[in-house]
Amino acid sequence: MTKARKSTQDDDSGLDRRKFLKGAAAAGAATAAAMTAATKVAQAAEAKAPKTEGAANMRGDAFISRPGSDFMVDVIKTLNIDYVASNPASSFRSLHESIVNYGGNKKPEFLTCMHEESSVAIAHGYAKAAGKPMAVLCHSSVGLQHASMAIYNAWVDRAPILMFAGNGVDAAKRRPGVEWTHCVQDPAAMVRDFVKWDDQPGSLQHFAESTVRAYRMMMSPPQDPVLITLDIDLQESPIEEEKLTIPKLSLSAPPQADERALREAAKMLTGASNPVIIADRCVRSQEGVDALVKLAETLQCPVVCNGSRMNFPGTHYLNLSESRAGLVREADVILMLEVQDPWGSLQSMGDPWKDVRRVAKQNVKLIHITLADFLMKSNYQDFQRFQPADLAISADAQTSIAPLTEAVKRELSGTRSAELSGKADAMKKRHRDMVERMKTAAALGWEASPVSTARLSAELYNAIKGENWALAVSDRIAWPKRLWPTSQYHQMMGGSGAAGVGYSAPGAVGVALANRDKGILTVTLQPDGDLCYAPGVLWTAAHHKIPILFLMFNNRGYVQEVMHLQRMAGLHRRDPKTAKVGTMIYDPEVDFGKLAQAFGVYGEGPISDPNAVGPALARALKVVKSGAPALVDVVCQLR
Amino acid sequence: MRIALVLAASLCAGAAFAQDAPKGSAERGKKLFAELNCISCHGTHAQGGGRNSEPPIPAGYPWQGFVNQLRKPRLDMPPYEEKLVSAQDVADMFAYFGSIKAAPAAKDIPQLRNF
């Protein structure tokens, strides 16, 4: 009899003494749980099984009571994975069955998806909200092809996802026909440019080691997706290897900035007259938000949050994100924290003539704390135009904020500290003025029909203001970031990362799933064009009882592209009225309320009267609070 | 900020010529504003979009500044030549802007008091 057993290394102690290894400690506990009663039952059954088990595939009385995929479930369970999102496929049928029956469909629970792009985007949104990854199963060829854009989104957005792709390596064992067209020599090749690591294990032991390795690499900042290919035969054949072991998971400590570099940064910041902090994919938790508040307050330094994460409270007087251009123009020192596009933060480029306009002073000093240098690949160009830094620090920004704050405190003399404190009143006034300016702008077109995006956002906030809320996708309309009073990391979950359309709906479902058990009410402003990509995710939300309010930002078109067409028509001295051809969604218009209903989701609309939005939201929120998804379709202004 | 500067420049440039605005049809101007897809950036009520690159057309915008920006735009707005958008079309749209009811003050909107 063969069996899987835990590594003797599991007895190693000391993990729980270190905060950053909390996840590993949890996973270690799960290792024991993984060796479930089901395992013992299966092993007992296997002991009684005939020696010829699995060998005679023509026999009707032959069984495989302990397939390799059972051991794969054991491995996945040690990683404390709660969910696996998947659209079913034959190349992982054995693992699918093992998850559901052998694993009891718990940790991980199978999430039924209707598109691989949805599976990955659900996992992407979930990872940001839950602070832990989800697994995704897909077909190696057509499934991974479907999944690829969503993986790229996650890659750019620094979201960890444990990807598995089924594949048949041994050509002599492939069934003729479709199984051949769905098998690949090197499946990972098609996504290797935008996953952090991949492997194609040739044995179960190899699978265990590579999956645990992949998990650790994925979770070590910069976090990103990883891919393990699952050979069909490895899944479906009986376990033959003796002494299979599951390696202990221990996460790596995030790389903190060099002490001397932080001291130099502190000198530059404390000596600056007009420092500015720009935070992008910096924060991963409330701990990071709180740390950034302390740094900003110590320096009395305004913060510009790019919105890819909720880095800094919108309610804080040092949040001057909507005064970005002025701040950058005035700055003598800029501290960037994991900013994706440093060049574009200091310059702008016109369209279509590509004329470069310098925004920042020529002699501005730039400090950048980023892990971008750790994860550069050359093919996909998400690294943006090169921007030299006066002080480049390769380190995890969130981890480095607190020691930077301490370094700043050490540099501050009593006099300088008092000078900085004196800036607070001016900053508070600037913040108040900024908010008033935004409110005045939001009032324009207040009674317009179609409904203005400012009104839509204000109505939504008004409906949820008494709740513990989260806006699942917070970059499709600028108004919530401008106006909503944020203070918690979970309140705004950013966007897709790579602007690959199709993320918003499934990404929001992933966020809502993570929030479901935390008692956080999840809402999202859902673009119509995005929902048209893979609306089946509405069914996934209904089927798995994931409460979320989709408030449609239905502008009936791909409006960014309308603008591009207008620009081209103007440039070419041709008719701008044709810009809606190929860009607007009309004749017929999509009825999203009915679409939702067709997938088993509460839906109403279309609503064009701005005064009807509030009451509709109240009705839909009752449904969401009962534990189900709901959708309200509002016809909006184009932007 | 760039947009604000452009608008300010246009306002200054056009101030002396505000009285030159020709008579136009607000009703036709509203229709043209939509047909020409101006609403994709500026909104049906000239309120602007949700991004900085989509500015409102403020009440009191001067005629000459409006014409200048339309015919020879600064920054990223496409040009609208006379062969495609006639002088009368421009006058009609200008009349439409003049007919748009002023927005309520933010302080008078209950939903905005949350912020």
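None of these values were measured; they are calculated from a predicted model. (Residues numbered from 1 in each chain as written. Chains lettered and ligands numbered in written order. Predicted model: local features only at pLDDT ≥ 70, side-chain atom pairs only at ≥ 80, totals over all residues.)

**Observations regarding the overall build of chain A**
Counted only if it meets this: Under the scheme used here, helices are H or I runs from DSSP no shorter than 4 residues and strands are E runs no shorter than 2 residues, and both carry numbers assigned from the N terminus. C-alpha atoms define the radius of gyration in this analysis, and the globule rule sets the expected value at 2.2 Å times the number of residues to the power 0.38. Two residues form a contact once the distance between their C-beta atoms, set from the backbone, is within 7 Å.
Scanning chain A for helices and strands turns up 24 helices and 20 strands. Over its C-alpha trace chain A gives a radius of gyration of 26 Å, about what one expects of a compact globule, namely 26 Å for 639 residues. Referenced to the eigenvectors of the C-alpha coordinate spread, the extents of chain A come out at roughly 80 × 65 × 50 Å. Across chain A, contacts joining residues at least 24 apart in sequence account for 79% of those joining residues at least 6 apart.

**Quick look at the environment of P238(A)**
Tracing the sequence through the fold places P238(A) in the loop between α9 (232–236) and β8 (244–246). Each C-alpha atom of the pair P238(A) and F63(A) lies 9.4 Å from the other, and the pair is 175 residues apart in sequence.

**A word on the interface of chain A and chain B**
Definition in use: Here the nonpolar group is Ala, Val, Leu, Ile, Met, Phe, Trp, Tyr, Cys and Pro; Asp, Glu, Lys and Arg are the charged ones; every other residue, Gly included, is treated as polar.
Each partner contributes to the interface: chain A provides 43 residues, whereas chain B provides 34 residues. Those elements giving two or more residues to the side of chain A that touches chain B turn out to be α12 (324–330), α16 (424–443), α17 (453–464), α18 (479–483) and α22 (559–571) of chain A. Sorting elements by how many residues they give to the side of chain A that touches chain B places α22(A) first, with eight residues. A breakdown of the residues in the side of chain A that touches chain B according to their chemical character gives 23 nonpolar, ten polar and ten charged.

**Re the environment of A372(A)**
Residue and element names in this part refer to chain A. As a reminder, the rule being used: Between the buried cut of 20 or more and the exposed cut of 12 or fewer other C-beta atoms within 10 Å of a residue's own C-beta lies the partly exposed class, and all C-beta atoms are placed from the backbone.
Tracing the backbone through its elements, the reader meets A372 in the loop between β14 (365–370) and β15 (391–394). Given 19 C-beta atoms within a 10 Å radius, A372 is considered partly exposed. With eleven residues separating them in the primary sequence, A372 and F383 have C-alpha atoms 7.7 Å apart.

**Digging into the sheet that holds strand β18 (residues 549–554) of chain A**
All names here are of chain A. The test is simple: Two strands make a pair as long as DSSP finds a minimum of two bridges between them. Where helices are involved, their axes are fitted lines through C-alpha atoms of the stretch in contact, as for all axes, and angles between N-to-C directions lie from 0 to 180°.
Pairing within the open sheet is parallel, and its five strands lie in the order β16-β17-β18-β20-β19. Looking at strand neighbours, the two that pair on one side only are β16 (469–471) and β19 (602–607), the edges of this open sheet. Averaged over all neighbouring strand pairs, the angle between strand axes comes to 15°, with direction disregarded. Both β19 and strand β20 (residues 630–635) contribute to a ladder of four bridges, which runs parallel. When the sheet's bridge partners are listed, E604 is paired in β20 with V632. Against the sheet, α17 engages β16, β17 (521–527), β18 and β20, with an angle of about 170° to β18. Relative to the sheet, helix α19 (residues 504–516) contacts β16 and β17, its axis offset from that of β17 by approximately 180°.

**Concerning the packing of helix α3 (residues 68–78) of chain A against helix α8 (residues 204–219) of chain A**
All names here are of chain A. Stated formally: Reported orientations rely on four angle classes, namely roughly parallel under 35 degrees, roughly antiparallel over 145, roughly perpendicular from 65 to 115, and oblique for the rest. Note on convention: the crossing is left-handed when the near helix lies turned anticlockwise from the far helix by less than a right angle, right-handed when the turn is clockwise.
Remark: α3 packs on α8, axes separated minimally by 10 Å, with the N-to-C direction vectors making an angle of 20°. Classified by the angle between their axes, α3 and α8 sit roughly parallel to one another. Considering the relative orientation of α3 and α8, their crossing is right-handed. Of the residues in α8, those touching α3 at G68, F71, M72 and V75 are L204, F207, A208 and T211.

**What about the domain arrangement of chain A?**
Residue and element names in this part refer to chain A. Heads up, the rule is: Each domain span listed reflects an automatic or database assignment of domains.
One can read the domain layout of chain A as domain 1 (4–246), domain 2 (259–429) and domain 3 (444–635). Contact residues are listed per partner, giving eleven residues for domain 1 and twelve residues for domain 2. Classifying every residue of the side of domain 1 that touches domain 2 gives five nonpolar, one polar and five charged.

**Points about unusual backbone geometry**
All names here are of chain A. In this chain, S449 is followed by P450 through a cis amide linkage whose omega measures 0°. Its location among the elements puts P450 in the loop between α16 and α17. Within the chain, E338 stands out as a residue other than glycine whose phi angle is a positive 50°. Locating E338 in the fold gives a position in the loop between β11 (333–337) and α13 (342–346).

**What to know about the nonpolar core**
The condition is simple: In this usage, the nonpolar core is the set of buried Ala, Val, Leu, Ile, Met, Phe, Trp, Tyr and Cys residues whose C-beta atoms join them within 7 Å.
Ranked by size, the top nonpolar core spans 187 residues in total, and within it M134(A), V136(A), I151(A), L292(A) and V303(A) carry the most contacts. Once you skip the residues sitting within four places of it in the chain, V303(A) turns out to touch I277(A), A279(A), L292(A), A296(A), F312(A), L318(A), N319(A) and L320(A). The next biggest cluster of nonpolar side chains, apart from the first, holds 29 residues, and it includes L32(B), F33(B), I57(B) and Y96(B).

**Concerning the pairing of β17(A)**
All names here are of chain A. Within β17, seven of the seven residues are buried, which leaves the element mostly enclosed by the surrounding structure. Residue alternation in β17 divides its side chains into two sets, L521, V523, L525 and P527 and T522, T524 and Q526, and both sets are buried. Taken together, the three bridges between β16 and β17 define a ladder with parallel strand orientation. What sits directly across from L471, in β17, is V523.

**Quick word on the packing of helix α5 (residues 116–130) of chain A against helix α6 (residues 142–156) of chain A**
How two helices pack is summed up by the angle between their axes together with the distance between the axes. All names here are of chain A. Interhelical geometry of α5 versus α6 gives an angle of 30° and a closest axis separation of 7 Å. In terms of their interaxial angle, α5 and α6 are classed as roughly parallel. Crossing hand, α5 versus α6: right-handed. Taking contact as the criterion, the partners of E116, E117, S119, V120, A121 and H124 in α5 are, on α6, G143, H146, A147, M149, A150, I151, N153 and A154. Residue composition of the contact of α5 with α6, by class: seven nonpolar, five polar and two charged.

**Concerning the confidence of the model for chain B**
Residues and elements named next belong to chain B. Note the threshold: The pLDDT value expresses, per residue, how confident the predictor is, ranging between 0 and 100.
Of the residues in chain B, 83% have a pLDDT of 70 or more, and the chain-wide mean is 84. Residue range residues 1–18 is modelled with pLDDT below 50. Its contacts to residues more than four positions away, or to other chains, number 30 contacts. Interface predicted TM-score (ipTM) for the complex: 0.88; the corresponding pTM is 0.91.

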